[in-house]
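Structural description and commentary
Take a look at the letters that make up each chain.
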Amino acid sequence: MPLCAALCLLPSVSTGVALLAGLCVALTVGNPFAGTTRALTPRLLSLAVVGLGAGMDLRTVLAAGREGLGYTVVGIAVCLTLGVGLARLLGVPRVTGLLISVGTAICGGSAIAAVVPVLRPQEHETSVALGTVFLLNAVALFVFPVVGHAVGLTPHQFGLWCAMAIHDTSSVVGAALRYGPEALAVATPVKLARALWILPLTVGLAAWRRREGHAVTGRVRRPWFIAGFLGAAAVVTVFPGLAPVGQGVAAVARQLLVVTLFLLGAGLTRETLRAVGLRPLAQAVTLWLLMAGLCLGALRLGWAA
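Computed from a prediction, not measured in an experiment: that's the story for all the values here.

1. Topic: the overall build of the protein chain
Secondary structure summary: the protein chain contains 15 helices and 0 strands in total. Over its C-alpha atoms the protein chain spans a radius of gyration of 18 Å, differing by no more than 12% from the 19 Å that the globule rule assigns to 305 residues. The dimensions of the protein chain, computed from C-alpha atoms along their principal axes, are 55 × 45 × 40 Å. Here the protein chain holds 305 residues, and 50% of them are scored as buried.

2. Details of the packing of aromatic side chains
Considering all chains together, one arrives at 4 aromatic pairs under this definition. Centre to centre, the rings of Phe 144 and Trp 161 are 4.1 Å apart; their planes meet at 25°, and the pair counts as stacked. Placement of Phe 144 in helix 7 (residues 123-150) and of Trp 161 in helix 8 (residues 155-165) is noted, with a sequence separation of 17 residues between them. Take Phe 144: its relative accessible area is 3%, and that puts it in the buried class.

3. Focus: the environment of Leu 47
Take Leu 47: it is sitting in helix 3 (residues 34-53). Using a relative accessible area of 55% as the deciding quantity, one classes Leu 47 as exposed.

4. A word on the UniProt feature "transmembrane region" (unreviewed entry) in the protein chain
Sequence positions flagged by UniProt for "transmembrane region" (unreviewed entry) are, in local numbering, residues 42-62, 69-90, 96-116, 128-151, 192-208, 224-243, 249-269 and 281-303. In residues 128-151, helix accounts for 96% and strand for 0%; the two terminal C-alpha atoms are 33 Å from one another. With 87% helix and 0% strand, residues 281-303 has its two end C-alpha atoms placed 30 Å apart.

5. A closer look at the environment of Arg 66
Along the chain, Arg 66 turns up in helix 4 (residues 58-90). Arg 66 sits in the exposed class, given a relative accessible area of 60%. Remark: the alpha-carbon pair of Arg 66 and Arg 210, spanning 144 residues in sequence, is separated by 33 Å.

6. A short note on the environment of Ser 46
Tracing the backbone shows Ser 46 in helix 3. Look at Ser 46 and you get partly exposed, because its relative accessible area is 24%. Spatially, the C-alpha atoms of Ser 46 and Ala 165 are 20 Å apart, while their sequence positions differ by 119 residues.

7. Observations concerning the pattern of salt bridges
Side chains that differ in charge, positive against negative, can pair when their charged atoms come close. This structure, assessed with the given rule, holds 1 salt bridge. Across the salt bridge formed by Asp 57 and Arg 59, the nearest N and O atoms sit 2.7 Å from each other.

8. Here we look at the side chain of Ser 170
Within the secondary structure, Ser 170 is located in helix 9 (residues 169-179). Given the relative accessible area of 2%, Ser 170 is considered buried. Aside from chain neighbours lying at most four places away, what touches Ser 170 is Leu 45, Leu 257, Leu 261 and Leu 264.

9. Here we look at the packing of helix 9 against helix 10 (residues 181-195)
Helix 10 packs onto helix 9 with a crossing angle of 165° between their chain directions and a minimal axis gap of 8 Å. As far as their axial angle goes, helix 10 and helix 9 are roughly antiparallel. In the packing of helix 9 onto helix 10, the handedness of the crossing is right-handed. For the pair helix 9 and helix 10, contact is made by Thr 169, Val 172, Val 173, Ala 176, Leu 177 and Tyr 179 and by Ala 183, Leu 184, Ala 187, Thr 188, Lys 191 and Leu 192, respectively. Split by residue class, the contact of helix 9 with helix 10 holds 9 nonpolar, 2 polar and 1 charged.

Cut-offs and rules
Residues numbered from 1 in each chain as written. Predicted model: local features only at pLDDT ≥ 70, side-chain atom pairs only at ≥ 80, totals over all residues. Heavy atoms only, no water. Helix = DSSP H or I, 4+ residues; strand = E, 2+ residues; numbered from the N terminus. Rg over C-alpha atoms; globule rule 2.2 N^0.38 Å. Buried < 20%, exposed > 50% of the residue type's maximum accessible area, 1.4 Å probe, protein only. Phe/Tyr/Trp six-rings, centres within 6.5 Å; stacked < 30°, edge-to-face > 60°. UniProt positions renumbered as here; feature names shortened; annotations may be inferred. Salt bridge = Lys/Arg side-chain N within 4 Å of Asp/Glu carboxyl O. Contact = heavy atoms within 4.5 Å. Axes fitted to C-alpha atoms, helices over the stretch in contact; angles between N-to-C directions. Parallel < 35°, antiparallel > 145°, perpendicular 65-115°, else oblique. Left-handed = near helix turned anticlockwise from the far one by under 90°. Nonpolar A, V, L, I, M, F, W, Y, C, P; charged D, E, K, R; others polar.

This is the structure in structure tokens:
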């Protein structure tokens, strides 16, 4: 396992290969370091995202973020509405359905983890939501680039699409990286703008739960890595002489992302798959396909740039 993770640092290893390797390890010999993997993955992802900022111009980042802001607001509202409706229609438990909807609407596992102190789900409800979202993230990393090329999306369009329709930041960046540097430059800031909604959504859910008479515990997790990403982009923009260093840091960050995706794949164990029930999976898949289809349709019809 540690050797496989180290091999993912080689420039010849792609994001898809790393994720597939992690899946193979988890589903064959198992992951003996599951606890360490779960703890390490979000930290490595945060470092990778900050490092990617060093290879981008802040003006381009801010322009992409502003462009995606309107799409983000509409997308989150539509996704949450559809998610809650599907949960009721399919008979998914209320909290489980809400966790899946929040994970799909904003940023997958990070959003689910952020609202756990507010919703106070049972352990198996959290496991089901994380398992379904994680499974679809793995599928998206492979499927989205294929579909994007098949329907003729430009790199700019693909960056918007994957940022709006893939759950976790890791898979968004991984899919965009496979499509090309222009797609990556669009997808990363738009996805991070989407991730910023973790905080207001969590605060809103906390107020709703208190009105219903439920106790709310814990502290809201803030996506500090977004500030790091913007800070790194600002440094290389203000000091152009640091651009070569920034590109080197970004190259290291891209391989760190490959390692992160290997660890994500290694986290999809047999136990995780067994925890996912048919109804929650049906809700997650249907919601994901609806959002991916709506976003893709908007891009193809010219409703989104």
